[in-house]
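# Coordinate analysis (summary)
Read off the chains here:
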Amino acid sequence: MLLFFNQKSPLRPSLLALLGLGLASSGCARRTYFQADARTGPGAAAPLPARADSVLATAGRQYDHHSGLYRLFLGRHYRRVWAAPVAVPVLRLATAVPGGLQAGKAGGGYQSISMGLDGAQGREYALRALDKEPTRTLPLGLRRTFVLNAVRDATSAALPYGALTVPALAAAAGVPHARPRLVYVRPDETSLGTMSEQLQGKVALLEEKYEAPASRTPDLAGATGFLGGEAMLKQVYEHPAHAIDQPAFLRARLLDVWLGDWDRHERQWQWAVFEDPGGRVRYRAIPKDRDQVYFRFDDGLVPWLASRRFAAPQFHTFRAKYGYVAGLVKQARFIDQRGLAQLTRADFQRLAVDLQRRLPDTLIDRALRRLPPTVFALEGPALISALKARRETLPQAAAAFYLTLARAPVVGGTARPERFAVTRYPDSTAVRIFSQALAPGTGGDSLLFQRTYFAAETRELTLEGLGGDDVFEVSGPATGRLMALRLYGGPGHDRLRLHGSARGLRLFDEAGDLAASGARPPRPLPKKHRGYDRLNDD
C-alpha cells in the first residue's frame, strides 16, 4: 500500500513538488480513470453469455496508455503486464468451492476492493480485486487533483499476478500460505451484496482465509484455532504463557525479504494457535495479501526520488541485488521487534542457509510458471533470474536484516508483574526477564526472556514493563561508557533498583514512581511512545 499518502502519515511537500513537475500537464483527477470492464478482445463490448466459463481480460489496461515522456517521469513499472490479455475463469458462487459461496462482509483497507465470502463448515473466503482504488489514502483537499492520478498510477508498480507464484515457494520454505486463484466477476453479477457494483467486471483473486478449524492445512494440523494480528498481540501482551513462535516467524520474514514483499505490517498476518503442554500457547505466523511481491517502483524519476532513504525507503524495488534492506523491512518494524526479539545473528544465518537449500532452481522455475502465459513471456525469465541471484546472497541480506533490528531493540513484558534483571558492561548489556505468572503458587518466578546485546550492534535498548507491578534491577560499573537504556514503566507501581552508574539511563513512567538515587526523575509516558499502546491508537 502507498502508506506514504495515508492520512495517518504526514505528506512531504518536497515530493509533492516533484510530482507537480512530472504531472503538471495532468490537471485534475480523471473521473473515468479505471477500465469499465476487464474483458478485452473481440466481443468484449457485448453482453457476457450466461454460460460463459472464461473470458479474456486485462488487470488494468489504463496503466499502459502513456507516452515515453510520462514513463520517464513516473516509471515503466509493470504497465505491460497490467494490459496483457489473460484467460480468466468466470466466478460462479454456487460451484466456486465445494458447498458453494454466499456474500459476506465488505472488506478492504485504504486501497483494496475486497469482501468476505461464506462457505460450508464455517469456512471463510476473501475475494479481492487485482486493481486498487487509493483515493482514501489522500487528504480530502488532494482527492480532486493531479496527485490522485499519480497515486492511482503507482498501482502499476505491483505485479498483479505475483501472488499466484508464492504458494509453491512458501510450501517448500515451510511457511503456511494461502492458495489464491484468478476469477472474473461478471459485469451483471448481483449476488455479492453491497459489493456487487464495485466488483462487477473486475479480475480478482479468490482464496480461503484461515478462520475456521475446517480451514486447517496439513502443516497446521495441530492448530486449535486462528487469530488476527491484533487479537494475537493482545493475548501475548496479557499473559507470558502466550508467545509467538519466533523461529517460524523468522522463516516467514526471510521468505518476505527474498520475495521483496515490503508491505508486511502487523495487520498482514493471520496466526495459528497451538496449545502446548503446561498451559503454554504458541502462535505460528501465516502471511496474508501477497500483492506487493516483486514490487518495481524506482524506474522513473519521481518514484526514484520518492523511494530514497530520506523519503519513503519502504517502497523497495525488487531486483537481483537486495539494496537497502532496512527500507525493505521498515513497514514491519513493529511486529518484527516483538516477534523476533529472542533470535540471534546465528539464528538468522542458520535459517537463511536452510532456505537456500529448500529453494532449488527447479522449484523457482515451476513456481514462476504459475503466471499466466502472456505475463510469463513478459516478466518470467527476468524474475526467475533475480530470485536465483537473491537466493545466493540471502545470508548477507539476513545479516543486514538482523542488524537493522539489533540497532535499537524493544523488549517488553506483559500485563502481569515481571522482574527485569539488567547487567550493563562496557561492551554489552545482558537482559533477563522473570515472571511470577509462569510459576503460580510457588512464591517465585520463572525465566521468560534472556539475551545479551552487544555495543558493536546495539545503540540503544528499550525495556517496556507494560502492566503489573514490575521491578527493574539495573547493575553495572560505576564509571565508563555504557549502552543507552530506556525503561518504560506501565500503570502499576513499578520499582527501580539501581546498582552502579546511571549513565545513559532514561526513565519513563505513567505512575511516576520509577526512580532511584543517581538517576534522572522519571518522565511521563509520551502520548504515543513506541510501545505496546500502539494497538490502542485507533
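What you see is a predicted model; the values in this text were computed from it and never measured.

### Quick notes on the side chain of S156
- Relative to the helices and strands, S156 resides in the loop between α4 (146-153) and α5 (166-173).
- Looking at S156, its side chain comes within polar contact range of the main-chain oxygen of D153, at 2.7 Å.
- Those residues in contact with S156, other than ones at most four positions away along the chain, are Y63, H77, Y78, R79 and W82.

### Looking at the sheet that holds strand β5 (residues 124-129)
- Read from one edge to the other, the open sheet built from five strands follows the order β3-β4-β5-β7-β6, with strand pairing classed as antiparallel. Sheet topology places β3 (102-106) and β6 (181-184) at the edges, where each strand pairs with a single neighbour. The mean angle between the axes of side-by-side strands here comes to 35°, regardless of whether they run parallel or antiparallel.
- As defined by bridge partners, β5 adjoins strand β7 (residues 203-209) across six bridges and the pair is classed as antiparallel. Bridging across to β7, Y125 finds its partner in E208.

### Some thoughts on empty space enclosed by the protein
- Per the counting criterion, the structure on display carries five cavities of 30 Å³ or more.
- Of the pockets and cavities examined, the largest cavity occupies roughly 230 Å³.
- In terms of lining, the largest cavity is formed by 21 residues, of which the most central are L130, K132, A158, D291 and Q292.
- In terms of residue class, the lining of the largest cavity is built from 13 nonpolar, four polar and four charged.

### Digging into the packing of helix α13 (residues 361-368) against helix α14 (residues 373-392)
- In the contact formed by α13 and α14, the axes pass within 10 Å of each other and the chain directions differ by 150°. With respect to α14, the axis of α13 lies roughly antiparallel. Viewed along their axes, α13 and α14 form a crossing whose handedness is right-handed. Where α13 approaches α14, its residues D361, I364, D365 and L368 are matched on the opposing element by F376, L383, I384, L387, K388 and R391.
- Among the residues forming the contact of α13 with α14, the class breakdown is six nonpolar, no polar and four charged.

### Some thoughts on the nonpolar core
- By size, the foremost hydrophobic cluster in this structure holds 91 residues, and its most contacted members are Y161, W258, Y294, L368 and F401.
- Looking at which element gives the most residues to this core, the answer is helix α8 (residues 246-259), with eight residues.
- Beyond its immediate sequence surroundings of up to four residues, L368 is in contact with T165, Y294, F376, L383, I384 and L387.
- Counting residues in each nonpolar core, the second largest holds 21 residues, with F420, F449, V474 and A502 among its members.

### Looking at unusual backbone geometry
- Phi angles above zero are rare outside glycine, and H77 is one such case at about 50°.
- Looking at H77, the relative accessible area reads 4%, which means it is buried.
- For L466, which is not glycine, the phi torsion reads 65° and is therefore positive.
- Structurally, L466 can be placed in the loop between β16 (460-464) and β17 (471-475).

### Side note on the layout of surface pockets
- Roughly 440 Å³ of internal volume is contained in the second largest pocket.
- Put simply, the parts of the chain that give the lining of the second largest pocket at least two residues each are α7 (229-238), β9 (242-244), β11 (281-287), α11 (333-339), β12 (410-412) and β15 (446-454).
- For the lining of the second largest pocket, the residue count by class is 16 nonpolar, eight polar and four charged.

### Examining the environment of K388
- On the secondary structure map, K388 appears in helix α14.
- We classify K388 as partly exposed; its relative accessible area is 22%.
- Taking the C-alpha atoms as reference points, K388 and D365, 23 residues apart in sequence, are found 9.7 Å from one another.
- If we skip the residues at most four places from it in the chain, K388 touches D361, I364 and D365.
- Side-chain polar atoms of K388 contact the side chain of D365, separated by 3.3 Å.

### Considering the confidence of the model for the protein chain
- Residue-level pLDDT values for the protein chain average 88, and 88% of them are 70 or greater.
- Every residue in residues 1-26 scores below 50 in pLDDT, and together they form 62 contacts with partners more than four places removed in sequence or on other chains.
- Per-residue pLDDT stays below 50 along residues 527-538; that stretch engages in 26 contacts with residues further than four places along the chain or on separate chains.

### With respect to the packing of aromatic side chains
- For the structure on display, the rule yields 16 aromatic pairs.
- An angle of 65° between the planes, with centres 5.4 Å apart, marks the rings of F348 and Y402 as edge-to-face. One end of the pair, F348, is in helix α12 (residues 345-358); the other, Y402, is in helix α15 (residues 394-406), with 54 residues separating them in the sequence. The pair F348 / Y402 is uniform in exposure class, with both members buried.
- Taking the ring centre of W269 as reference, the NZ or CZ of R264 above it sits at 4.7 Å.
- Positioned above the aromatic ring of F334, the side-chain terminus of R338 is 4.1 Å from the ring centre.

### Describing the pattern of salt bridges
- On inspection of all chains with the given rule, the structure shows 37 salt bridges.
- With a shortest N-O distance of 3.2 Å, D289 and R128 are connected by a salt bridge. Of this pair, D289 sits in the loop between β11 and α9 (301-306) while R128 sits in strand β5, and the two are 161 residues apart along the sequence.
- Judged by its relative accessible area of 24%, D289 falls in the partly exposed class.
- By sharing partners, the salt bridges in this structure join R253, D256, D261, R264, R290 and D336 into a single network.

Calculation rules
- Residues numbered from 1 in each chain as written.
- Predicted model: local features only at pLDDT ≥ 70, side-chain atom pairs only at ≥ 80, totals over all residues.
- Heavy atoms only, no water.
- Helix = DSSP H or I, 4+ residues; strand = E, 2+ residues; numbered from the N terminus.
- Polar contact = N/O pair within 3.5 Å; in protein donor to acceptor, adjacent residues only side chain to side chain.
- Contact = heavy atoms within 4.5 Å.
- Pairing = 2+ DSSP bridges.
- Axes fitted to C-alpha atoms, helices over the stretch in contact; angles between N-to-C directions.
- 1 Å grid on protein atoms, 1.4 Å probe; cavity = no way out; pocket = protein on both sides within 12 Å on 5 of 7 lines; lining within 4 Å.
- Points joined across faces, edges and corners; volume = space filled by probe spheres on them.
- Nonpolar A, V, L, I, M, F, W, Y, C, P; charged D, E, K, R; others polar.
- Parallel < 35°, antiparallel > 145°, perpendicular 65-115°, else oblique.
- Left-handed = near helix turned anticlockwise from the far one by under 90°.
- Core = buried A, V, L, I, M, F, W, Y, C linked by side-chain atoms within 4.5 Å.
- Buried < 20%, exposed > 50% of the residue type's maximum accessible area, 1.4 Å probe, protein only.
- pLDDT = per-residue confidence, 0-100.
- Phe/Tyr/Trp six-rings, centres within 6.5 Å; stacked < 30°, edge-to-face > 60°.
- Lys NZ or Arg CZ within 6 Å of the ring centre and 35° of its normal.
- Salt bridge = Lys/Arg side-chain N within 4 Å of Asp/Glu carboxyl O.

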